[in-house]
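# Architecture at a glance
What follows is each chain in one-letter form.
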Amino acid sequence: DDILGSDTVSIKNGRLRVGPMEYSSICISRNSFMPAKSIDKLKEFIRSGGKVIWAADGKRSGTLPGAVFTTAEGLQKFIKPTARLASPDRFIRVCKRTLENGSVYFVTNEDTCRKNVIIEFSEDMPLVRLDPESGRCWVPKAAIRKPTSWEVPLEMDFAGSAVFIFTNDLLLVSEEPFAGKVALQTIMEGWTCSEACRYTIGSHRIEIDKKTNSEIFRTKPGDYRSLLGDSFSGDVVYEVNFFCTEPVAMKASSLDLGEVKYFCRAELNGQDLGRRIWRPFAFDIRGKLKKGNNFLRITVTNTLANQYITTKALDLWTRNQLGPYHARTLSFEKESIPSGLFGPVTVR
């Protein structure tokens, strides 16, 4: 309704233009109310040659001459899938953008477990897969080109994603990254951890206390609350020196941190590997591991759940400061109390 009611939206030759995007079809879910301005804009859209498909299921607000009325189940008769899965899976989401020189697809796994799927794209142009973080792109070796489509097998963890580009443009492609599934070395011993920054809920605001000379604890991967307390919210630095043989250094492609709660930044031998906020907590270490001694630093940040659950300071906050959702969220904030680098930390 906000888009349809905006004066910046234009309609021409059966296309609804919103910024740089254009739509030739609009699908409406069942509803019991729609503003008159939205109805008028849809009527104009239909008169211009656009298609409106209304999945009413017996419920619709007003009349709309020229619209196609159907049920939610009947939508598949009118809508061409963005992509197809060999086995349907409601947790796999796909978004497509049509470009002047081809198409780009974003695929993601919204399930909490790993997914192995085969996805088919109705594209006949050459295919490359893009890593948005590094900018590298490559042709997936396992992809199968068919006369009018591509079939690509995908393995994605929770929140895992993939970007594919179909274009006739000549792109600079590199070798496909090695998946790094074979464990070469697990780093279990020699870890230390120390507090780097503490977030505390005060009487009026969240206070940040950065530490420069905090106590260093000898530890192993796991929950750090036994060292820093249940109320700790902030940054904890894990450090370890470990020895690496020449064969492992030569074959190493990724560093897998296993389980992290909840955000981390990794550095290997002084080089920044990057940041991760969900699984897989893995980093490309090709050419970064060396024969002999190596130094690894992992900075882990948990959430404010530990403070929310344990602090009494919020008792002094006004209702306006807390907002309407604070009391409701406390019940599931308890699920986020475990904190730290849980591992296992593995060179693959």
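Within each chain, residue numbers correspond to sequence positions counted from 1 in written order. A pLDDT threshold of at least 70 governs which residues receive local features in this predicted model, and a stricter bar of 80 or more applies before side-chain atom pairs are shown or counted, although totals over entire chains, interfaces and linings include all residues. Side-chain figures throughout are based on the complete set of non-hydrogen atoms in the structure, without hydrogens or water.

### Overview of the side chain of Thr192
- Strands are runs of DSSP state E lasting at least 2 residues, helices are runs of H or I lasting at least 4, and numbering of each runs from the N terminus. Here Thr192 lies in strand β17 (residues 191-201).
- On the basis of relative accessible area, Thr192 is assigned to the buried category, the value being 18%.
- Any two residues having at least one pair of non-hydrogen atoms within 4.5 Å are treated as being in contact. Among all residues touching Thr192, those that are not within four sequence positions of it are Ile216, Phe217, Arg218, Thr219, Val237, Tyr238 and Glu239. Burial classes follow relative accessibility: with a 1.4 Å probe on protein chains only, a residue under 20% of its type's maximum area counts as buried, one over 50% as exposed, and anything between as partly exposed.

### A closer look at the nonpolar core
- Ranked by internal contacts, the top residues of the largest apolar core, which has 32 residues, are Trp191, Tyr238, Leu257, Leu289, Leu296, Ile298 and Leu341.
- At the level of elements, β17, β20 (234-244), α3 (246-251), β23 (263-268), β26 (292-301) and β28 (345-347) are the ones that each hand at least two residues to this core.
- Here the element with the most residues in this core is β20; it accounts for five residues.
- Not counting residues within four places of it along the chain, the set of residues in contact with Tyr238 comprises Trp191, Thr192, Cys193, Thr219, Gly222, Tyr224, Leu296, Arg297, Ile298, Val300, Gly340 and Leu341.
- For the purposes of this section, nonpolar cores are sets of buried Ala, Val, Leu, Ile, Met, Phe, Trp, Tyr and Cys residues that join through side-chain atoms within 4.5 Å. Core analysis: the next-biggest nonpolar cluster, separate from the first, contains 17 residues, Ile92, Val107, Val117 and Met156 among them.

### Here's the deal with a nonpolar patch on the surface
- The patch calculation keeps residues exceeding 30% relative accessible area without a salt bridge and links them within 9 Å when they carry like charges or within 5 Å when they are nonpolar (Val, Leu, Ile, Met, Phe, Trp, Tyr). Where accessible areas are quoted, they stem from the Shrake-Rupley method and a 1.4 Å probe; at the residue level, only the protein chains shown are allowed to cover. Take a side-chain nitrogen of Lys or Arg and a carboxyl oxygen of Asp or Glu: if they are within 4 Å of each other, that pair is a salt bridge. Taken together, Val139, Leu171 and Val173 make up a surface patch of nonpolar side chains, about 220 Å² in accessible area.
- By the element assignment, Leu171 lies in the loop between β15 (161-167) and β16 (185-187).
- Take Leu171: its relative accessible area is 38%, and that puts it in the partly exposed class.

### Description of the packing of aromatic side chains
- Centre distance within 6.5 Å is the pairing criterion for rings of Phe, Tyr and Trp, where only the six-membered ring of Trp is used; planes under 30 degrees apart are then read as stacked, over 60 as edge-to-face, and the remainder as tilted. All chains considered together, the criterion is met by seven aromatic pairs.
- Each ring, one from Phe121 and one from Phe164, has its centre 5.3 Å from the other, and the planes form 50 degrees; the classification is tilted. With a gap of 43 residues between them, Phe121 in strand β10 (residues 115-121) and Phe164 in strand β15 connect regions that are remote in the sequence. Residues Phe121 and Phe164 agree in their burial class; the two are buried.
- The rings of Tyr105, Phe121, Phe164 and Phe166 are connected pair by pair, giving a single aromatic cluster.

### Structural notes on the confidence of the model for the protein chain
- The pLDDT value expresses, per residue, how confident the predictor is, ranging between 0 and 100. Residues at a pLDDT of 70 or more form 97% of the protein chain, whose mean pLDDT is 91.
- Helix α5 (residues 319-322) is the least confidently modelled element of the protein chain, averaging 82 in pLDDT, while β26 averages 98, the highest of any element.

### What about the pattern of salt bridges?
- Counting across every chain of the model gives 26 salt bridges.
- Residue Glu267 pairs with Arg297 through a salt bridge whose shortest N-O separation is 3.9 Å. Here Glu267, found in strand β23, pairs with Arg297, found in strand β26; they are 30 residues apart in sequence, far enough to count as distant.
- For Glu267, a relative accessible area of 17% corresponds to the buried category.
- For Arg275, the salt bridge is made with Asp272, and the minimal N-O distance between the two is 3.8 Å.

### A short note on unusual backbone geometry
- Cis geometry is adopted by the peptide bond preceding Tyr262, which originates at Lys261 and carries an omega value of 10 degrees.
- As for its placement among the helices and strands, Tyr262 is situated in the loop between β22 (259-261) and β23.
- A positive phi is found at Asn13, a non-glycine position, where the angle reads about 50 degrees.
- The residue Asn13 is located in the loop between β1 (10-12) and β2 (15-18) in this model.
- Judged by its relative accessible area of 67%, Asn13 is exposed.
- Even without being a glycine, Asn269 presents a positive backbone phi close to 50 degrees.

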